[in-house]
Amino acid sequence: MEPSDIPPPRVEVGVLGWLKKNLFSPWYNALLTIASLAFVVFVVRVVLRWALFSARWEVVTINIKVFMIGRYPASEAWRVIASLGIVLVLAALTWFFRKAKGRPIRRWLVLAWIASFPVIGILLRGFGEDNPFMPRVSAEVWSGLLLTLVLAIVGIVASFPIGVLMALGRRSRLPVIRVLCTIYIETIRGVPLISVLFMSQLMLPLFLPPQIRLATVMRALVGITLFSSAYTAENVRGGLAAVPRGQYEAAQAVGLNKALMMILIVLPQALRNVIPAIVGQFTALFKDTTLVVIVGLLELLGIGKAVTGQKQFIGLHQEVYFFVAVLFFICCYLMSYGSRRLEKKLGVGER
Amino acid sequence: MKRTGSQTSRVPFWRDIRVLRWVAQFVFLMAVIALILWAISNYRQRGMIFSYSFLDKEASFDLAEGIEFEPTDSYARAFLVGVLNTIRVAVVGIIFATLLGLFTGISRLSGNWLLSKIATVYIEIIRNTPLLVQLFFLYFAVILKLPKLSTAVILPGPAYLSNRGIVAPWPRLAEAFRLWWPFLLLALGAAIVLIVIRRRSQARLGRPGIRAVWVFAAFVLIPLAGWFIVPGRPLWLDIPELIQKSGGVIKVEGGITLSSEFTALLLGLVIYTGAYIAEVVRAGLQSVAKGQTEAARAQGFTNGQIIRLIVLPQALRVIIPPLISQYLNLTKNSSLAIAIGFLDLYAVSQTMLNQSGRVVEVFFMIMGSYLAISLTISLIMNIVNKRMQIVER
């Protein structure tokens, strides 16, 4: 019999072989496995027993609408749903035409995405106080998951242009501009978000003329944008650094001036490189929006806190915060999964 | 480069790139200054002043956490209490987060399928939920739901776990410590001398003359010898006791008390940052090429030597820079303490602000303190990093 015809030992293959190889050899691994198994069984038992028998989930089911839109008037809830619909339709179209590179439909989609911002803004905010069709819903009552999303999306979008300018400024050859941009970026990155929010909530109004009055939500947005733009700047700077030197030289060789070189040659490549990093930053910002609860806004976590104060549900912190955590987990996990896919697809770091 | 007068004069100054650069910078600077002046003038118009004189005034509020503080103490001392509380939670948090991250990161790469899956699940859950939600859950849904002090969970030690936090035994200095500390100093000196000798011999002969065990022995045996030579015990263990006061009030005396806020914040920060550090550690270990381990094994290194001499020095170079930013994140994240009522630097500042109304002054103090703490951590870690980078050659 040829050596290759000898079947492998029985315990090396199949389920048993896998178990032996991955869990029970050498002996200390077996101990580790047993300890881990005991840990898993314990945790799962505790969680399941709580979730199935002792938890009072009606606090979540009754308040589900409150978690989603908070104090947004119930009669106007269709506007939130319509906004969500716009985003979903656009997302579906984008996904459907993802292969149609260079076709005019792509250009229209980009325009539609850009246009969706003011449209959704108007939809959510409404017109005048007594407009019969869409009465004004002041930003002060935006809350729940709606507010979380608004803060995160507006924050990342608004911080993007500022971040790009800051990144360019930090790489500038003009010392004054470089130093000022560096001070800004490093100061913001050196302090916690909550102190920037503090500044935008309490200090900003003092430094604006008395006739300008910003709503709390707007002030929080200013703080989030200022904070986020410093991080965007660093991401973009990384993308700029990854553009090969030859690209700059080639652009100069064909006679482009500095501005055109940046806009036509360098930035498109740099920004493509930073897309995964920006998605990661968006996930971080999405999580960080919970901090506005400290300055008194009712985003998802703030609503959770308010719900635990309801008379009939007092003391149900476990159920409420568990639910909030699960919602955040689903959103963030999907985003980081998407970011990983995107990274693979764009081949960042693989060149 | 030499320029002749005629060349310079041919380019009019408004098209001279050198002039334009200075003009651009000047305009930019002026715009920034104008913005700042405009903001200051708005501030003045409200009749606000800028002065730190309030720092010497009586704070007239109480702080329940940290070094001793009376309501009659000054604002400056209140702020100090906050800063020290932040440093305390940050330092302890960094130590435990590093240990947890190291353990989890290695577990994730473990050949044991179950262990590595547990580590992955932990990392994914923690990294994909906001820290503040975790803190709320830990504080409101776990720690505050623990039994009352009278029915506290008694852990071996004994340590008492209740909704008022943890009370645990704690070593304290006794009278005899005066005689014992010279032994500690001696041990430290001996260990340093031995390490220097090892280094020298390594450089000269290519192998350490003294085995590493001896360094460790010197460090342990000398204090141990001192422990028995010195009359009396240099340290004593302060064991907490539940005491029934008159009127049925139950109190704990002795030991060290970690308040429920401190416990929740510390646990939250450690669990959160630990997950991030685990990923840093995993990436670092994976960055060491497999051929390095194989080559070392082929040369007859033992498993321990491979990790200590081949893998770690290379992995640490990759690990340390992102580790620094995780340490900084932990420190900055400790400002979330205010949401669960731990009196860190930010929470104390908020109280100071409510009492004194000095928004801008307090804000600059907050910014300055965080920047100072961040810079200190960066500085220390950069020194460590430099030393690691030398190993590279």
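Look up: the structure comes first, before these words.
Residues numbered from 1 in each chain as written. Chains lettered and ligands numbered in written order. Predicted model: local features only at pLDDT ≥ 70, side-chain atom pairs only at ≥ 80, totals over all residues.

**Remarks on the overall build of chain A**
Rule in force here: Comment: elements are numbered from the N terminus, with helices defined as DSSP H or I runs of at least four residues and strands as E runs of at least two. Exposure is read from a count of other C-beta atoms within 10 Å of each residue's own; the residue is exposed at 12 or fewer, buried at 20 or more and partly exposed in between. C-beta atoms are placed from the backbone. With C-beta atoms placed from the backbone, a contact is any residue pair whose C-beta atoms sit within 7 Å.
In terms of helices and strands, chain A carries 14 helices and 0 strands. Taken from the N to the C terminus, the helices and strands of chain A come in the order α-α-α-α-α-α-α-α-α-α-α-α-α-α. The principal-axis extents of the C-alpha atoms in chain A amount to approximately 85 × 70 × 45 Å. Within the span of chain A, comprising 351 residues, buried residues form 31% of the whole. Taking all contacts inside chain A whose residues are at least 6 apart in sequence as the whole, residues at least 24 apart take part in 71%.

**Comments concerning the interface of chain B and chain A**
Quick note on the threshold: All amino acids are sorted into three groups, where Ala, Val, Leu, Ile, Met, Phe, Trp, Tyr, Cys and Pro are nonpolar, Asp, Glu, Lys and Arg are charged, and the leftover types, Gly among them, are polar.
Counting residues at the interface gives 43 residues for chain B and 43 residues for chain A. The set of elements that each furnish at least two residues to the side of chain B that touches chain A consists of helix 2 (17-45), helix 4 (113-127), helix 5 (131-143), helix 10 (303-333), helix 11 (337-340) and helix 13 (359-391) of chain B. Tallying contributions element by element places helix 2 of chain B first for the side of chain B that touches chain A, with 9 residues. Here the side of chain B that touches chain A is built from residues that sort into 30 nonpolar, 9 polar and 4 charged.

**Notes on the sheet that holds strand 3 (residues 165-168) of chain B**
Residues and elements named next belong to chain B. Selection criterion: We call two strands paired when DSSP finds no fewer than two bridges between them. Fitting a line to C-alpha atoms yields each axis, with helices limited to the stretch in contact; the angle taken between N-to-C directions then spans 0 to 180 degrees.
Overall, antiparallel pairing links the 4 strands, which are arranged 1-2-3-8 in an open sheet. Here the strands that pair on one side only, and so sit at the sheet edges, are strand 1 (153-155) and strand 8 (256-259). Each adjacent strand pair in this sheet contributes to an overall mean axis angle of 15°, direction not counted. Across 3 bridges, the pairing between strand 1 and strand 2 (residues 159-162) is antiparallel. Counted as the bridge partner of Leu155 is Ala159 from strand 2. Against the sheet, helix 8 (residues 260-287) makes contact with strand 3 and strand 8, and its axis sits at roughly 70° relative to strand 8, the strand it touches most.

**Description of the environment of Val81(B)**
Within the fold, Val81(B) resides in helix 3 (residues 75-108). With sequence-adjacent residues up to four places away left out, Val81(B) is seen in contact with Leu63(B), Gly66(B), Ile67(B), Phe69(B) and Val348(B).

In short, the description is geometric, and any link to function would need to be established separately.
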